[in-house]
2 protein chains.
Amino acid sequence: MRELDRTDLNILDILQKDGRIAITELAAKVNLSTTPCSERVKRMEREGVIEGYYARLNPKAVKKELLVFLEINLSAKSGDVFDKVRRELLQIPEVLECHLVSGEFDYLVKARLPEMRAYRKLLGELLKRLPASATSRSYIVMEEVKESLYLSLT
Amino acid sequence: MRELDRTDLNILDILQKDGRIAITELAAKVNLSTTPCSERVKRMEREGVIEGYYARLNPKAVKKELLVFLEINLSAKSGDVFDKVRRELLQIPEVLECHLVSGEFDYLVKARLPEMRAYRKLLGELLKRLPASATSRSYIVMEEVKESLYLSLT
DNA sequence: TCTGAAAGGGTTGATGG
DNA sequence: CCATCAACCCTTTCAGA
């Protein structure tokens, strides 16, 4: 994986903010002609620096009013249990994020759901499928102050 | 804001997975010609159903190896304090998410940083700038099992 | 609200600096 | 590694159903 130069970082910064910008326009912004600009983008896609392009939707507009975080603590810390729980969590489409964390709990899960009813259902399903020793805590988001994937490249 | 029909949801589903797809290709996938397909996309952009398009980067490739979550508890729950803390948090570019939550703490913060040194620096800065009564807990992510913004539209 | 066609502009690949 | 140019493809607009 080659090092990223100033122009590459510049391109990445712009694409993070406008994933659908035309290559000609992007090229103009970074003072290149279209060919090398397009090649840089393609190379970074190939090398996995750019993982993909996504439209971001308004959750309210698609009836996902509720954002919740779940902390899941597994007392039995065998590898088997971790793998099983992970597989369960990954199967749930409402789960947007799932991280294995150090500290006081084990999995931190972020999920978007239509409303409280769906949340209680999810929680019920989870507790049924998790090992008996697992405990969980939930945090309901009252207000989303900020949510992005933008990485500053300075 | 008009209701979204089956075709709209279909379009949104595809754009969530491939934000740079050409309109002609998108139109073919949803059995439309390009004109109405383009108009539907434009309308949903205008109405805020589609909030934007973003390239997603590989955090490791841009030297953001560390993902941390911070719980920040404000004992003094006056509106002033909340606003001040929020403004502090929003000014930090490494903060990707910030949510006001119910439950045992107040702000849940997600941040991406180069490494431990940057994390300790961030924590030091934060504690200096937050009110004296604030407490915090950190969770370092050991493994990112899943991270997406994809909303299932079924 | 759709299709189809035409004009304008973007993308891609060959060629050369 | 870059610019230019030409061929091709996509996007946008407009007429007509």
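Chemist: Before we go on, may I ask you to explain the packing of helix 1 (residues 6-17) of chain B against helix 3 (residues 34-46) of chain B in this structure?
Modeler: Between two packed helices, the angle of one axis relative to the other and the distance separating the axes together describe the packing. Residues and elements named next belong to chain B. In contact at an axis separation of 11 Å, helix 1 and helix 3 are set at 75° when each is read in the N-to-C sense. In terms of axis orientation, helix 1 runs roughly perpendicular to helix 3. Contacts between helix 1 and helix 3 pair Thr7, Asp8, Ile11, Leu12 and Leu15 from the former with Cys37, Arg40, Val41, Arg43 and Met44 from the latter. Residue composition of the contact of helix 1 with helix 3, grouped by class: six nonpolar, one polar and three charged.

Chemist: Can you walk me through the protein's contact with DNA strand D in this structure?
Modeler: By nearness alone, every residue bordering DNA strand D is listed as Leu32, Ser33, Thr35, Pro36 and Arg40 of chain A together with Ala22, Ile23, Thr24, Thr34, Thr35, Ser38 and Lys42 of chain B. Taking all atoms of DNA strand D within 4 Å of the protein, the share assigned to sugar and phosphate is 59%. Between a phosphate oxygen of DNA strand D and a side-chain N or O atom of Arg40 of chain A, the distance comes to 2.9 Å. At a separation of 3.0 Å, a base oxygen of DNA strand D approaches a polar side-chain atom of Thr35 of chain B. When residues of the surface near DNA strand D are traced back to their parent elements, those giving at least two are helix 3 (34-46) of chain A together with helix 2 (23-29) and helix 3 of chain B. Element by element, the count of residues in the surface near DNA strand D is highest for helix 3 of chain B, at four residues. When the residues that make up the surface near DNA strand D are grouped by side-chain class, the tally is four nonpolar, six polar and two charged.

Chemist: What am I meant to see in the packing of aromatic side chains here?
Modeler: Aromatic ring pairs: the centre-centre distance and the angle between the two ring planes describe each pair. Enumeration according to the criterion identifies two aromatic pairs over all chains in this entry. Ring centres of Phe82 of chain A and Tyr107 of chain A lie 5.8 Å apart, and the angle between their planes is 55°; on these two criteria the pair is classed as tilted. Separated by 25 residues along the polypeptide, Phe82 of chain A in helix 4 (residues 79-90) and Tyr107 of chain A in strand 4 (residues 107-113) bring together distant segments of the chain. A single burial state applies to Phe82 of chain A and to Tyr107 of chain A, both of which are buried. Sitting over the face of the ring of Tyr53 of chain B, Arg20 of chain A holds its NZ or CZ atom 5.4 Å from the ring centroid.

Chemist: Teacher, can you tell me more about the protein's contact with DNA strand C here?
Modeler: Taken together, Ala22, Ile23, Thr24, Thr34, Thr35, Ser38 and Lys42 of chain A together with Leu32, Ser33, Thr35, Pro36 and Arg40 of chain B are the residues near DNA strand C. For DNA strand C, the fraction of atoms within 4 Å of the protein that belong to sugar or phosphate moieties is 64%. For the surface near DNA strand C, the elements supplying multiple residues, two or more each, are helix 2 (23-29) and helix 3 of chain A together with helix 3 of chain B. Looking at which element gives the most residues to the surface near DNA strand C, the answer is helix 3 of chain A, with four residues. Counted by class, the surface near DNA strand C contains four nonpolar, six polar and two charged residues.

Chemist: Is there a simple way to think about the domain arrangement of chain A in this case?
Modeler: In many reports, interface size means the accessible area that the parts give up when they come together. Here the domain parsing of chain A yields domain 1 (6-46) and domain 2 (66-140). Relative placement of domain 1 of chain A and domain 2 of chain A: their C-alpha centres are 39 Å apart.

Chemist: It is not clear to me how the interface of chain A and chain B should be interpreted in this structure. Could you clarify?
Modeler: With 66 residues of chain A in contact, the opposing surface of chain B contributes 65 residues. Between chain A and chain B lies a buried interface of about 6300 Å² when both sides are counted; carbon and sulfur atoms form 58% of it. When the buried area of chain A at its contact with chain B is split by residue, Arg20, Arg56 and Lys146 of chain A rank highest and sum to 12% of it. For the pair chain A and chain B, the number of links is six salt bridges. Between Glu51 of chain A and Arg56 of chain B there is a salt bridge whose closest N-O contact spans 3.1 Å. Between chain A and chain B we count 36 residue pairs in polar contact (both at pLDDT 80 or more) in total. Elements represented by at least two residues in the side of chain A that touches chain B include exactly helix 1 (6-17), strand 1 (50-57), strand 2 (66-73), helix 4, strand 3 (95-101), strand 4 and strand 5 (135-147) of chain A. For the side of chain A that touches chain B, the element with the highest residue contribution is strand 5 of chain A, accounting for 10 residues. Classifying every residue of the side of chain A that touches chain B by side-chain character gives 37 nonpolar, 10 polar and 19 charged.

Rules used in this analysis
Residues numbered from 1 in each chain as written. Chains lettered and ligands numbered in written order. Predicted model: local features only at pLDDT ≥ 70, side-chain atom pairs only at ≥ 80, totals over all residues. Heavy atoms only, no water. Axes fitted to C-alpha atoms, helices over the stretch in contact; angles between N-to-C directions. Helix = DSSP H or I, 4+ residues; strand = E, 2+ residues; numbered from the N terminus. Parallel < 35°, antiparallel > 145°, perpendicular 65-115°, else oblique. Contact = heavy atoms within 4.5 Å. Nonpolar A, V, L, I, M, F, W, Y, C, P; charged D, E, K, R; others polar. Near = heavy atom within 4 Å. Polar contact = N/O pair within 3.5 Å; in protein donor to acceptor, adjacent residues only side chain to side chain. Phe/Tyr/Trp six-rings, centres within 6.5 Å; stacked < 30°, edge-to-face > 60°. Buried < 20%, exposed > 50% of the residue type's maximum accessible area, 1.4 Å probe, protein only. Lys NZ or Arg CZ within 6 Å of the ring centre and 35° of its normal. Domains from an automatic or database assignment. Buried area = accessible area lost by both parts, 1.4 Å probe. Salt bridge = Lys/Arg side-chain N within 4 Å of Asp/Glu carboxyl O.

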